[in-house]
Amino acid sequence: MKKLIAIALALVMVLGLVACGGNTNETTAPANADATGTQTDGGSKPASDLKVSTFWYEESDVYLSSVRNALNKELDALGVTHDDQFAANDQAKQLDQIRTAIAGGSNLLVVNVVTSGAPDTAKDILDAAGDIPVIFFNRAIGTDGADVPVLTEAKNAAFIGTDAPEAGHMQGKMVGEYVKENFDKVDLNKDGKISYAMMKGDEANIEAIYRTQYGVEDADKVLTEDGKPALEYFDAKNTDKYQVDQGGAWSATAAKEYMDTNFVTYNEAAGNMIELVICNNDGMAEGVVASLQEKGYNKEGAHTVPVFGVDATDNAKALIAEGAMTGTVKQDAEGMAAAIAQTVSAISGGKTAPEALATLSDDRFSIASDCAAKLYIAYAPYTGE
């Protein structure tokens with residue numbers, strides 16, 4: 001009889017465990033896994049005790065999809081329970097998601113803010129987090145050093161991203177060098193000037209601001225030092241000298257719609273064709289290429305309008321390989337995912353978020369000169385060579 005009771009109790013326990021785990025969308029850590037995924041019976045807080053919630057400004061961003069895929073694999077390997085939440089480009093919604101996650105037991109927040117470059121938004125998130133560590137990533141939380149007091153006053157917050165001006169400088173030099181070496185070929189209407197269009201991803205995003213500025217300024221510097229004229233924006237009436245994705249989504253759709261509209265007035269037959277396009281990201285570059293190809297350009301045997309982007313997504317690399325796109329700047333998705341995961345691992349071992357950054361050792365990573373709580377992932381030019 002005692003045996004029968006023991007067996008019945010065991011069955012109840014097994015069924016109870018199955019019922020508890022049956023309706024979750026989270027990726028759950030294996031029991032007793034340490035920060036490297038190794039089984040452990042004690043010592044520092046195991047990774048399995050962490051519940052990591054990652055908040056994304058938007059779900060369809062191509063570059064961030066690559067980061068997400070890589071990061072989830074990294075967190076799985078660490079043995080961390082984690083989930084992804086998407087704000088649909090709505091900052092109020094994201095803040096509500098953060099509060100709900102905290103109430104649900106999340107004890108480490110990884111945040112891709114919706115409103116980039118806004119210290120007050122970051123403060124709201126940190127106030128909601130309290131003592132919970134927060135890793136901001138990819139989208140800057142302040143401009144011109146305004147993020148430094150936000151991070152240092154929080155004591156348990158860090159930022160992992162890129163040095164915003166670097167991509168713009170790199171892209172600008174790439175554009176300038178290409179146009180310098182291929183000036184006559186790029187000058188489709190043979191007027192001795194290069195007419196360009198600029199696709200800006202988001203009006204207020206610090207990355208977009210610097211890419212828009214330096215993508216042209218640095219190209220102009222290369223050209224004028226070589227005795228060639230600076231680039232000329234195709235629409236003299238547009239004093240901003242860019243076309244912005246009004247939805248802030250850096251989308252291929254927005255860029256294609258702009259180019260389709262541009263073609264109505266600015267085309268080869270009218271003698272005022274856009275001869276070069278600079279884009280803040282590869283998604284917008286893809287949209288530009290699609291529009292050009294519909295008009296017969298950027299195909300084998302046809303004239304190619306140089307198109308430059310940022311990110312080095314797989315689609316952009318494929319377009320470069322086939323000659324439909326000219327160049328891009330690699331924003332290392334795998335590197336960003338690795339940096340976030342290694343920071344999570346160090347926090348699991350008892351480090352604060354800033355202390356965790358100091359433990360990372362990788363040639364791709366560097367601590368910002370103005371703040372020990374900021375880590376930068378290096379950019380690299382990519383032309384397929």
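Analysis parameters
- Residues numbered from 1 in each chain as written.
- Predicted model: local features only at pLDDT ≥ 70, side-chain atom pairs only at ≥ 80, totals over all residues.
- Heavy atoms only, no water.
- Axes fitted to C-alpha atoms, helices over the stretch in contact; angles between N-to-C directions.
- Helix = DSSP H or I, 4+ residues; strand = E, 2+ residues; numbered from the N terminus.
- Left-handed = near helix turned anticlockwise from the far one by under 90°.
- Contact = heavy atoms within 4.5 Å.
- Nonpolar A, V, L, I, M, F, W, Y, C, P; charged D, E, K, R; others polar.
- Expected span 1.5 Å × (residues − 1).
- Buried < 20%, exposed > 50% of the residue type's maximum accessible area, 1.4 Å probe, protein only.
- Polar contact = N/O pair within 3.5 Å; in protein donor to acceptor, adjacent residues only side chain to side chain.
- 1 Å grid on protein atoms, 1.4 Å probe; cavity = no way out; pocket = protein on both sides within 12 Å on 5 of 7 lines; lining within 4 Å.
- Points joined across faces, edges and corners; volume = space filled by probe spheres on them.
- pLDDT = per-residue confidence, 0-100.
- Pairing = 2+ DSSP bridges.
- Arc of directions from axis to C-beta.
- Phe/Tyr/Trp six-rings, centres within 6.5 Å; stacked < 30°, edge-to-face > 60°.

(A) Examining the packing of helix α2 (residues 62-78) against helix α12 (residues 333-348) more closely. Interaxial distance between α2 and α12 falls to 8 Å at its minimum, and their mutual angle equals 35°. At the point where α2 passes α12, the crossing takes the right-handed sense. On α12, the residues touching Tyr 63, Ser 66, Val 67, Ala 70, Leu 71, Glu 74, Leu 75 and Leu 78 of α2 are Ala 333, Glu 334, Met 336, Ala 337, Ala 338, Ile 340, Ala 341, Val 344 and Ser 345. Its residues assigned to classes, the contact of α2 with α12 shows 13 nonpolar, 2 polar and 2 charged.

(B) Here's a closer look at helix α8 (residues 206-225). For α8, which comprises 20 residues, the first-to-last C-alpha distance of 28 Å matches the rise-based estimate of 28 Å (1.5 Å per residue) to within 8%. Judged by how many residues are buried, α8 sits mostly within the fold: 14 of 20 residues are covered. Sitting at the head of α8, Asn 205 places a side-chain oxygen 2.8 Å from the backbone nitrogen of Glu 207. Positive backbone phi, approximately 85°, marks Gly 227, located one or two places after α8.

(C) Region of interest: the side chain of Lys 374. Note on placement: Lys 374 falls in strand β13 (residues 374-377). You can call Lys 374 buried: its relative accessible area is 3%. Within the structure, the side chain of Lys 374 is placed 3.0 Å from the side chain of Asp 370, a separation counted as a polar contact. A polar side-chain atom of Lys 374 sits 3.5 Å from a polar atom in the side chain of Tyr 376. Setting aside anything within four residues of it in sequence, one finds Lys 374 in contact with Asp 147, Val 148, Leu 151, Phe 159, Leu 357, Ser 366, Ile 367 and Ala 368.

(D) Geometry of the layout of surface pockets. What the largest pocket holds in volume is close to 260 Å³. Every residue lining the largest pocket is counted, 19 residues in all, and those nearest its centre are Gly 142, Asp 163, Ala 164, Lys 374 and Tyr 376. Put simply, the parts of the chain that give the lining of the largest pocket at least two residues each are α6 (164-181), α8 and β13. Take the lining of the largest pocket: its biggest share by element is 3 residues, from α8. Residue classes in the lining of the largest pocket are distributed as 8 nonpolar, 5 polar and 6 charged.

(E) Summary view of the confidence of the model for the protein. On average, residues of the protein score 89 in pLDDT, and 87% of them are at 70 or above. Taken as a whole, residues 1-25 scores under 50 in pLDDT and shows 0 contacts with residues more than four places along the chain or in a different chain. Low pLDDT, under 50, characterises residues 28-43; the stretch is placed with 33 contacts to residues that sit more than four places away or in other chains.

(F) Representation of the sheet that holds strand β12 (residues 365-367). A sheet is described by the order of its strands in space; here 7 strands give the open sequence β2-β1-β3-β4-β5-β13-β12, paired in mixed fashion. With partners counted over all chains shown, the strands left at the sheet margins are β2 (81-86) and β12, one partner each. Mean inter-strand twist for the sheet, computed between neighbouring axes without regard to direction, equals 20°. Alignment of strand β1 (residues 51-56) against β2, held across 6 bridges, turns out to be parallel.

(G) Just empty space enclosed by the protein, in detail. Across all of its chains, the model carries 1 cavity of 30 Å³ or more by this definition. Asp 61, Asn 138, Arg 211, Trp 250 and Gln 331 are, among the 14 residues lining the largest cavity, the residues nearest its centre. Of all elements in the fold, only α2 and α8 reach the threshold of two or more residues within the lining of the largest cavity. Residue composition of the lining of the largest cavity, grouped by class: 4 nonpolar, 5 polar and 5 charged.

(H) The arrangement of helix α3 (residues 91-103) in detail. Look at α3: 19 Å from first C-alpha to last across 13 residues, which is about the 18 Å you get at 1.5 Å a residue. Those residues of α3 not exposed but buried are Gln 91, Gln 94, Leu 95, Gln 97, Ile 98 and Ala 101. The buried residues of α3 occupy one face: seen down the axis, they fall within an arc of 155°. The outward face of α3, more than 90 degrees from its buried face, is lined by the exposed residues Ala 92, Thr 100 and Ala 103. In this fold, the buried residues of α3 make contact with β1, β2, β3 (108-111) and α4 (119-129). By the N-cap criterion, in which a side-chain oxygen at the helix start approaches the backbone nitrogen of a residue two or three places on, α3 is capped by Asp 90, the distance to Ala 92 being 3.1 Å.

(I) Representation of the packing of aromatic side chains. Inspection of the entire model under this criterion finds 7 aromatic pairs. When the centroid spacing of 6.2 Å and the interplanar angle of 15° are considered together, the rings of Phe 263 and Tyr 297 count as stacked. Remark: Tyr 297 occurs in the loop between α10 (282-294) and β10 (307-308) and Phe 263 occurs in helix α9 (residues 252-265); sequence separation between them is 34 residues. Looking at Tyr 297, the relative accessible area reads 11%, which means it is buried.

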